[in-house]
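Working through the structure, step by step
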Amino acid sequence: MSNSAFDEMVVLARAAQENAHAPYSNFHVGACVRTESGALYAGCNVENAAYPQGQCAEASAIGNMVTSGGHRIVEVVVIGGGERLCTPCGGCRQRLTEFCDPDTPVHICGTEGLRKTLTVADLMPFAFVADNLDKS
Ligand code: THU
């Protein structure tokens, strides 16, 4: 895979990963989301001595996007260490579902580069979305 938006997203996700605060898991993750307007927002995981208070990289990137006025995500990059795919956790799949279309690509990367591209629907089939709240 090689397009300039993707390459820039990887650079930003890597930079975010470097800033991860992950002294408990020692598992550093970076993420970057691209909006319809082309804006890019990165984030890293931020852990806490009270473990459940930790925040994933995807959540940080989404928070940065929303804080800056972004709404819709058209592409996602996640970078993690280890040999396995650093796929978003269940909570982050729900978070991505909120701001992405089902066919939005999620590029899962390792330190060496792209490992696999999935869609949000691949990650989150039968998602609970705003329409599910319709009680009529
Ligand atoms: N983590 C993320 O930030 N994103 C993922 O996609 C998977 C896991 C973080 C949460 C925690 O800080 C650490 O990785 C270990 O689970």
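The following refers to the structure shown. Because the structure is a prediction, the values reported are computed rather than measured.

1. Here we look at unusual backbone geometry
A positive phi angle, near 55°, is found at N26, a position not held by glycine. Assignment of secondary structure puts N26 in the loop between α1 (4-18) and β1 (30-35). By relative accessible area, which is 59% here, N26 ends up exposed. Positive phi values are uncommon outside glycine, yet F126 reaches one of about 55°.

2. Concerning the side chain of Q17
Counting through the fold element by element, Q17 comes out in helix α1. Look past the residues within four positions of Q17 in its chain and what remains in contact with it is H28, V29, G30, C44, I79, G80 and G81.

3. A short note on the sheet that holds strand β3 (residues 73-79)
As a general point, the strands of a sheet are linked pairwise by backbone hydrogen bonds and lie either parallel or antiparallel. Strands sit in the order β2-β1-β3-β4-β5 across an open sheet of five strands; the sheet is mixed. At either margin of the open sheet sits one strand with a lone partner, and together these are β2 (40-44) and β5 (113-119). With direction set aside, neighbouring strand axes in the sheet form an average angle of 20°. As paired elements, strand β4 (residues 105-110) and β5 share six bridges and run antiparallel to each other. Note that in β5 the partner of H107 across the bridge is T117. Together, β1, β2 and β3 form the strand contacts of helix α2 (residues 57-67), whose direction differs from that of β2 by roughly 140°.

4. Examining the site of the ligand
Taken together, the neighbourhood of the ligand is formed by S25, F27, V29, N45, E47, C56, A57, E58, C86, T87 and P88. Interatomic distance of 2.6 Å between a side-chain N/O atom of E47 and an oxygen atom of the ligand. Backbone polar atom of A57 to an oxygen atom of the ligand: 2.8 Å apart, as the coordinates give it. Coverage of the ligand by the protein chains reaches 77% of its 380 Å² of free accessible surface.

5. Brief notes about the environment of V78
Relative to the helices and strands, V78 resides in strand β3. For the pair formed by V78 and P23, sequence separation is 55 residues and the distance between their alpha carbons is 19 Å. In contact with V78, other than residues within four places in its own chain, are V29, G30, A31, E58, C86, P88, V106, H107, I108 and C109.

6. A closer look at the nonpolar core
Among the nonpolar cores identified, the biggest contains 19 residues, and V33, I73, V76, V78, C100, V106 and I108 are the most heavily contacted of them. Contributing elements (two or more residues each) for this core: β1, α2, β3, β4 and α4 (120-123). Among the elements that make up this core, the one with the highest residue count is α2 (four residues). Among all residues touching C100, those that are not within four sequence positions of it are R72, I73, V76 and V120. Membership of the second largest hydrophobic core comes to eight residues, among which are F6, M9, A13 and C32.

Scoring rules and cut-offs
- Residues numbered from 1 in each chain as written.
- Predicted model: local features only at pLDDT ≥ 70, side-chain atom pairs only at ≥ 80, totals over all residues.
- Heavy atoms only, no water.
- Helix = DSSP H or I, 4+ residues; strand = E, 2+ residues; numbered from the N terminus.
- Buried < 20%, exposed > 50% of the residue type's maximum accessible area, 1.4 Å probe, protein only.
- Contact = heavy atoms within 4.5 Å.
- Pairing = 2+ DSSP bridges.
- Axes fitted to C-alpha atoms, helices over the stretch in contact; angles between N-to-C directions.
- Near = heavy atom within 4 Å.
- Polar contact = N/O pair within 3.5 Å; in protein donor to acceptor, adjacent residues only side chain to side chain.
- Areas by Shrake-Rupley, 256 points an atom, 1.4 Å probe, with all protein chains shown as cover.
- Core = buried A, V, L, I, M, F, W, Y, C linked by side-chain atoms within 4.5 Å.

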